[in-house]
Amino acid sequence: MLGKEKHKVLVSDPVSEKGIHMLREVAQVDINTGLSEEELVEIIGEYDALMVRSGTQVTAKIIEAGHNLKVIGRAGVGVDNIDVDKATELGILVINAPEGNTISAAEHTLALMLAMARNVPNSATSLKQGQWQRSKFMGVELMKKTLGIIGLGRIGSEVARRARAFGMNIMAYDPYISTERTEKLGVQSATLDDIFQQADFITLHAPKTSSKNYLVGAEELSRMKDGVRIINCARGGLIDEKALYEALVSGKVAAAALDVFEEEPPKKNPLLELEQVIPTPHLGASTQEAQVNVAVQVADKIIHVLKGEPVDMAVNVFVIPQEVLSEVEPFIPLMKTMGSFYMQVFDGRVEKIEIVYGGDISEYPVTPLTTALLIGFLRVMLDSTVNFVNAPIIARNRGIQVKETRSKSTSIFHNLVTVHVTTGEGVFTLAGTVFEGGDTRIVQIGDYRIEVVPSNYMLVNKYIDKPGVIGKVGTILGNNNVNIASMQVGRQKIGGEAVMVLQIDNLVTDAVLQELEEIDAIMSTCFVEIKDMLTRS
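Residues numbered from 1 in each chain as written. Predicted model: local features only at pLDDT ≥ 70, side-chain atom pairs only at ≥ 80, totals over all residues. Heavy atoms only, no water.

Draft legend 1. Inspection of the overall build of the protein at higher detail. Within the protein, the regular secondary structure consists of 18 helices and 22 strands. The C-alpha atoms of the protein give a radius of gyration of 30 Å, which is well past the 24 Å a tight globule of 537 residues would have. Its C-alpha atoms give the protein principal-axis dimensions of about 105 × 50 × 40 Å. With 537 residues in all, the protein has 50% of them scored as buried. Approximately 26,000 Å² of the protein is accessible, and the part contributed by carbon and sulfur atoms is 48%. Looking at the protein, you have 52 positive and 67 negative side-chain charges, and the mean spots of the two groups are 5 Å apart. (Helix = DSSP H or I, 4+ residues; strand = E, 2+ residues; numbered from the N terminus. Rg over C-alpha atoms; globule rule 2.2 N^0.38 Å. Buried < 20%, exposed > 50% of the residue type's maximum accessible area, 1.4 Å probe, protein only. Areas by Shrake-Rupley, 256 points an atom, 1.4 Å probe, with all protein chains shown as cover. Lys, Arg positive; Asp, Glu negative; His and termini not counted. Charge placed at Lys NZ, Arg CZ, Asp CG, Glu CD.)

So, in structure tokens, the structure goes:
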């Protein structure tokens with residue numbers, strides 16, 4: 001049980017019982033499948049998490065009604081059925097299980113390739129009908145044939161590994177995969193044109209983009225090698241089905257094996273009438289092992305989210321890679337604290353934020369750190385619903401420009417994060433660092449060098465550096481039962497302007513602040529409360 005009451009999770013599509021069992025360890029789980037959009041809208045408001053497969057369309061209307069939703073989990077790879085933009089806007093994490101069905105999908109691709117090469121379905125049907133037509137079902141070997149893989153991600157890579165075992169020559173197109181990676185897989189990097197012109201078999205493993213254009217349309221089919229065989233176990237809509245039908249009828253394409261369609265289930269699709277087509281009803285992930293894997297992976301991530309713990313993968317938020325997590329994660333509390341501290345100390349409407357990452361931290365992924373800073377800024381302006389999912393969008397919608405800069409050198413620190421904020425009042429600076437052991441420090445406030453240990457309650461005074469000021473501040477706080485835990489002072493010269501930061505154990509009332517401001521040498525004073533910022537979640 002998490003806290004006094006369990007969280008509530010709605011499962012709206014059939015998933016593995018193992019995943020359900022995991023969720024029930026920490027949450028109340030309601031299984032309610034086959035609901036319409038209106039029915040989901042009516043009940044979703046009481047749930048903290050929603051777990052779906054491909055059968056539920058998670059629309060903007062449903063997401064907007066999910067007032068308590070923290071996470072939407074897709075027990076599978078694609079999230080085409082989830083309005084990710086709306087979820088992101090509302091700060092709801094969207095997670096999936098991109099690795100859970102990798103092997104199943106790769107094996108199904110090879111199964112279809114072999115079935116197509118050796119006419120397995122048609123010959124089996126013929127034999128069952130009492131016919132013995134060996135010559136009609138003459139096939140081709142995979143050995144020494146060229147396989148063109150479009151999309152060399154997890155599934156495409158596993159297909160490549162297995163195709164090598166058949167002695168195939170493998171070409172792959174993927175603009176996001178390095179040449180080094182393709183070489184390790186024993187694959188030749190290629191352009192789409194190379195694949196269209198040279199491949200005997202072409203298999204698609206690319207995502208469906210928002211573009212209305214087909215990845216493979218009539219023009220692409222015309223550039224393919226005569227007698228090519230095509231497999232699609234990725235997404236419906238990647239291939240223009242009308243153009244594919246015409247290419248199959250003309251003989252340009254010898255055969256096609258399709259596990260996915262533009263409309264599912266397909267209705268009156270002429271492709272299903274062709275002997276050259278091997279159709280399967282979206283079975284890529286339909287193995288016992290894959291169904292368990294995706295449910296377990298998504299359930300595990302949902303549990304992490306409900307516990308307020310970070311997840312290692314998400315669709316709509318940058319996640320720190322596991323291999324560098326120990327180096328980057330300690331900076332998250334610093335960044336949230338600096339954002340909150342700035343907004344409570346400095347004035348002016350924020351127009352631009354420039355973050356300079358200096359030293360060792362500059363060599364790591366810093367996007368989550370920038371987002372953490374924005375969370376600190378925006379939670380002071382707005383409320384606690386600002387999180388790692390929606391903070392960048394909220395900042396952009398408020399017209400705040402954000403810029404990241406990296407520098408390998410710093411003055412005296414191994415790591416230094418310097419934040420320059422441009423407002424209508426001018427440019428203000430705040431800097432911080434993390435020492436060994438995760439100890440955070442604010443080391444610059446405006447023009448003043450200082451070493452502030454952040455705490456939940458702080459008092460920041462700008463004053464003229466002269467004898468007696470600190471004593472008067474201490475006396476006023478003591479008279480009002482405000483205990484001082486520690487204090488740091490920064491100044492540029494004796495007798496000049498200085499800044500004083502006190503870590504205190506109590507809230508400070510407006511009346512106490514008024515009393516402090518009446519000290520002659522005090523130029524300004526403000527109370528800073530750091531809420532929920534000193535943690536990494």
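The rest of the description comes next.
Draft legend 2. The arrangement of the sheet that holds strand S20 (residues 484-491) in detail. Overall, antiparallel pairing links the four strands, which are arranged S20-S21-S19-S22 in an open sheet. The open sheet has two edge strands, S20 and strand S22 (522-529), and neither has a second partner. Averaged over all neighbouring strand pairs, the angle between strand axes comes to 15°, with direction disregarded. Strand contacts of helix H18 (residues 510-517): strand S19 (457-464) and S22, with the helix running at about 155° to S22, the strand carrying the most contacts. (Pairing = 2+ DSSP bridges. Axes fitted to C-alpha atoms, helices over the stretch in contact; angles between N-to-C directions. Contact = heavy atoms within 4.5 Å.)

Draft legend 3. Broad picture of the packing of helix H1 (residues 17-24) against helix H12 (residues 288-306). In the contact formed by H1 and H12, the axes pass within 7 Å of each other and the chain directions differ by 15°. As summarised for this structure, H1 and H12 are arranged roughly parallel, according to the angle between their axes. Seen along the crossing, H1 lies across H12 with a hand that is right-handed. The segment H1 lies against H12, with Lys-18, Gly-19, Met-22 and Leu-23 engaging Val-292, Ala-295, Val-296, Ala-299, Asp-300, Ile-302 and Ile-303. (Parallel < 35°, antiparallel > 145°, perpendicular 65-115°, else oblique. Left-handed = near helix turned anticlockwise from the far one by under 90°.)

Draft legend 4. Molecular detail of the sheet that holds strand S10 (residues 228-232). Read across the sheet, seven strands follow the order S8-S7-S6-S9-S10-S11-S12 without closing on themselves; strand pairing throughout is parallel. Strands with a single pairing partner mark the edges of an open sheet, and in this sheet they are strand S8 (188-189) and strand S12 (277-279). With four bridges connecting them, strand S6 (residues 146-150) and strand S9 (residues 201-204) associate as parallel partners. Looking across to S9, one finds that Gly-148 is bridged to Ile-202. Contacts between helix H5 (residues 102-117) and the sheet are confined to S6, S9, S10, strand S11 (253-258) and S12, with S10 contributing the most and set at about 150° to the helix.

Draft legend 5. Structural view of the side chain of Gln-503. Mapped onto the fold, Gln-503 is located in strand S21 (residues 497-504). Residue classification places Gln-503 among the buried positions, given a relative accessible area of 4%.

Draft legend 6. View of empty space enclosed by the protein. Using the criterion set out here, one finds one cavity of 30 Å³ or more in the structure. Asn-232, Arg-235, Gly-236, Gly-237, Leu-238, Ile-239, Glu-241, Leu-258, Val-260 and Phe-261 together form the lining of the largest cavity. (1 Å grid on protein atoms, 1.4 Å probe; cavity = no way out; pocket = protein on both sides within 12 Å on 5 of 7 lines; lining within 4 Å. Points joined across faces, edges and corners; volume = space filled by probe spheres on them.)

Draft legend 7. Just helix H17 (residues 469-479), in detail. Burial in H17 covers these residues: Val-469, Val-473, Ile-476 and Leu-477. Along the long axis of H17, the arc covered by the buried residues comes to 95°, so they all point the same way. Looking at the buried side of H17, the elements it contacts are S19, S20, S21, H18 and S22. One or two positions beyond H17, positive phi appears at Asn-481, with a value near 60°. (Arc of directions from axis to C-beta.)

Draft legend 8. Summary view of the environment of Asn-479. In this structure, Asn-479 sits in helix H17. Among the residues examined, Asn-479 registers a relative accessible area of 60% and is labelled exposed.

Draft legend 9. Representation of the side chain of Asn-461. Turning to its location among the elements, Asn-461 is positioned in strand S19. Looking at Asn-461, the relative accessible area reads 0%, which means it is buried. Among the polar contacts made by the side chain of Asn-461, one reaches the side chain of Thr-525 at a distance of 2.4 Å. Look past the residues within four positions of Asn-461 in its chain and what remains in contact with it is Val-473, Ala-498, Val-499, Met-500, Leu-502, Ile-522, Ser-524 and Thr-525. (Polar contact = N/O pair within 3.5 Å; in protein donor to acceptor, adjacent residues only side chain to side chain.)

Draft legend 10. Inspection of the nonpolar core at higher detail. By size, the foremost hydrophobic cluster in this structure holds 47 residues, and its most contacted members are Ile-353, Leu-369 and Ile-445. Here this core takes eight residues from helix H14 (residues 331-345), the largest share from any one element. Excluding anything up to four places from it in sequence, Ile-445 contacts Phe-341, Phe-346, Thr-429, Leu-430, Ile-450, Val-452 and Val-501. (Core = buried A, V, L, I, M, F, W, Y, C linked by side-chain atoms within 4.5 Å.)

Draft legend 11. Local environment of unusual backbone geometry. Of note, the amide linkage connecting Glu-264 to Pro-265 takes the cis form, showing an omega dihedral of -5°. As for its position among the elements, Pro-265 is in the loop between S11 and S12. The backbone of Asn-119 sits at a positive phi, close to 55°, despite the residue not being glycine. Phi at Lys-144 takes a positive value of approximately 70°, unusual for a residue other than glycine. Mapped onto the secondary structure, Lys-144 falls in the loop between helix H6 (120-128) and S6.

Draft legend 12. Summary view of the pattern of salt bridges. Using the criterion set out here, one finds 17 salt bridges in the structure. Of the charged contacts, one joins Glu-64 and Lys-86 as a salt bridge, the two residues approaching to 3.1 Å between their closest N and O atoms. Of this pair, Glu-64 sits in helix H3 (residues 60-65) while Lys-86 sits in helix H4 (residues 84-89), and the two are 22 residues apart along the sequence. Look at Glu-64 and you get partly exposed, because its relative accessible area is 43%. The class of Lys-86 is buried, set by a relative accessible area of 14%. (Salt bridge = Lys/Arg side-chain N within 4 Å of Asp/Glu carboxyl O.)

Draft legend 13. The arrangement of a nonpolar patch on the surface in detail. Taken together, the side chains of Ile-470, Ile-484, Met-487 and Val-489 present a nonpolar region at the surface, about 270 Å² in accessible area. A total of three residues in the nonpolar patch trace back to one element, the largest contributor, which is S20. Among the structural elements, Val-489 can be located in strand S20. (Patch = residues over 30% accessible without salt bridge, like charges linked within 9 Å, V, L, I, M, F, W, Y side chains within 5 Å.)

Draft legend 14. Region of the structure containing the packing of aromatic side chains. As enumerated under the stated definition, the model contains five aromatic pairs in all. Aromatic rings pair up to connect Tyr-342, Phe-346, Phe-377 and Phe-428 into one cluster. (Phe/Tyr/Trp six-rings, centres within 6.5 Å; stacked < 30°, edge-to-face > 60°.)

Draft legend 15. Geometry of the packing of H5 against helix H7 (residues 154-165). In contact at an axis separation of 9 Å, H5 and H7 are set at 50° when each is read in the N-to-C sense. On the basis of the axis angle, H5 is oblique to H7. Of the two possible hands of crossing, H5 and H7 adopt the one that is right-handed. Contacts between H5 and H7 pair Thr-102, Ile-103, Ala-105, Ala-106, Glu-107, Thr-109 and Leu-110 from the former with Arg-154, Ile-155, Glu-158, Val-159 and Arg-162 from the latter. Here the residues of the contact of H5 with H7 sort into six nonpolar, two polar and four charged. (Nonpolar A, V, L, I, M, F, W, Y, C, P; charged D, E, K, R; others polar.)

Shape descriptors only; they carry no functional weight alone.
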